[in-house]
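Observations on chain architecture
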Amino acid sequence: MMSEFQHIIDLYPWLETFKDLLAPKCHDCGVKIGEKHLNGCDTARCSVCGGQHMICGCEEGEADLWLGLMYLVEHKMCLDNGYWCRDAIYLDGEEFIVTSPEMHRLGLRMQFSKVPGFQMKFHIPCTQDDVGAHADLNRAAMQSQKGNKPSWMEDSLDEIEDSQ
Ligand SMILES: [Zn+2]
Ligand SMILES: [Zn+2]
C-alpha cells in the first residue's frame, strides 16, 4: 500500500507526516503523481506566483505537478509553523475530541439534528502530537493571504463553519 507513495516521500520527506492523506491521482484533473496538472485544474499552483493557476493570470505561469497531497502549500506551511488544530464535540459540557472521520460525521449529524446539550467546535489549536490533531489549513490559508484580506472575513468564516 505504501509503496506507491514511497518514491514521492523519498523526494519530499516532509510528506511522510501526511502519508495517510496521500492520493495517487489529483482529485480534480486526475493526473498521476509527478505529472503536471491539466489546464483548468482547481488544485494546480502557478509556477510563477504560487497562487491558484486557474485564476492568477500570470502569462508565463505553468501548472505545477501533482505530488499526492491536496493543499500542498498549506500543509507545508502548517508543518513549518506548527499550525495544528482539532475538533471536539460536547455533550452537557463533557468534551470528546474528534479522532476519526466517523466521529466527525456523527458530530455534524447531531449538530444538524439540534440535539439538546450538544455542541461541536472546530479548529481548536493544539500541538502536532495531540490526539486528533490535523493541519490547520484555514490558518495557513489566512496567513498566505494576510494583508489583502479584511479581518471581518475571518470572523464570518468561523461563523459559517460553526453553523455547519
Ligand atoms: Zn490537477
Ligand atoms: Zn501566477
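Figured I'd write up the structure that's included with this text.

1. Overview of the overall build of the protein
- Along its length, the protein carries 6 helices and 4 strands.
- For the protein, the N- to C-terminal ordering of α and β elements is α-α-α-β-β-α-β-β-α-α.
- With 164 residues in all, the protein has 16% of them scored as buried.
- By sequence separation, contacts in the protein at least 24 residues apart represent 53% of the contacts at least 6 residues apart.

2. Looking at helix 3 (residues 72-81)
- Of the positions making up helix 3, those classed as buried are Glu74, His75 and Cys78. All buried residues of helix 3 project into a common sector of 100° when viewed along the axis, lining one side. Those residues of helix 3 that are exposed and aimed more than 90 degrees away from the buried face are Asp80 and Asn81.

3. As for the environment of Glu35
- Residue placement: Glu35 occurs in the loop between helix 1 (3-11) and helix 2 (53-56).
- Distance from Glu35 to Leu65, taken between C-alpha atoms, is 5.3 Å for residues 30 residues apart in sequence.
- The contact partners of Glu35, leaving out residues within four places of it in the chain, are Leu65 and Trp66.

4. Remarks on the environment of Asn39
- Mapped onto the fold, Asn39 is located in the loop between helix 1 and helix 2.
- A sequence separation of 15 residues divides Asn39 from Met54, and the C-alpha atoms of the two residues are 7.4 Å apart.

5. Overview of unusual backbone geometry
- In the Ramachandran plot, Asp92 falls in the positive-phi region, its phi being about 50° despite a non-glycine side chain.
- Mapped onto the elements of the fold, Asp92 is located in the loop between strand 1 (84-91) and strand 2 (94-97).
- Of note, the phi angle at His123 is positive, near 55°, even though the residue is not glycine.
- Note on placement: His123 falls in strand 3 (residues 118-126).
- Taking the number of C-beta atoms within 10 Å as the measure of exposure, His123 has 19 and is therefore partly exposed.

6. Remarks on the pairing of strand 2
- In the sheet, strand 1 pairs with strand 2 via 4 bridges, with the strands oriented antiparallel. Paired with Leu91 across the strands is Glu94, a residue of strand 2.
- Hairpin remark: strand 1 followed by strand 2, antiparallel, with 2 residues in the connecting loop; positive phi at Asp92, about 50°.

7. Brief notes about the environment of Tyr12
- Looking at the secondary structure, you find Tyr12 in the loop between helix 1 and helix 2.
- Residue classification places Tyr12 among the partly exposed positions, given that 14 C-beta atoms sit within 10 Å.
- As a C-alpha pair, Tyr12 and Leu67 span 55 residues in sequence and 8.9 Å in three-dimensional space.

8. Quick word on helix 4 (residues 101-112)
- Over its 12 residues, helix 4 runs 16 Å from end to end, which matches the ideal 16 Å to within 8%, given 1.5 Å per residue.
- Backbone geometry just after helix 4 places Lys114 at a positive phi near 55°.

Thresholds applied
Residues numbered from 1 in each chain as written. Chains lettered and ligands numbered in written order. Predicted model: local features only at pLDDT ≥ 70, side-chain atom pairs only at ≥ 80, totals over all residues. Helix = DSSP H or I, 4+ residues; strand = E, 2+ residues; numbered from the N terminus. Buried ≥ 20, exposed ≤ 12 C-beta atoms within 10 Å, placed from the backbone. Contact = placed C-beta atoms within 7 Å. Arc of directions from axis to C-beta. Pairing = 2+ DSSP bridges. Expected span 1.5 Å × (residues − 1).

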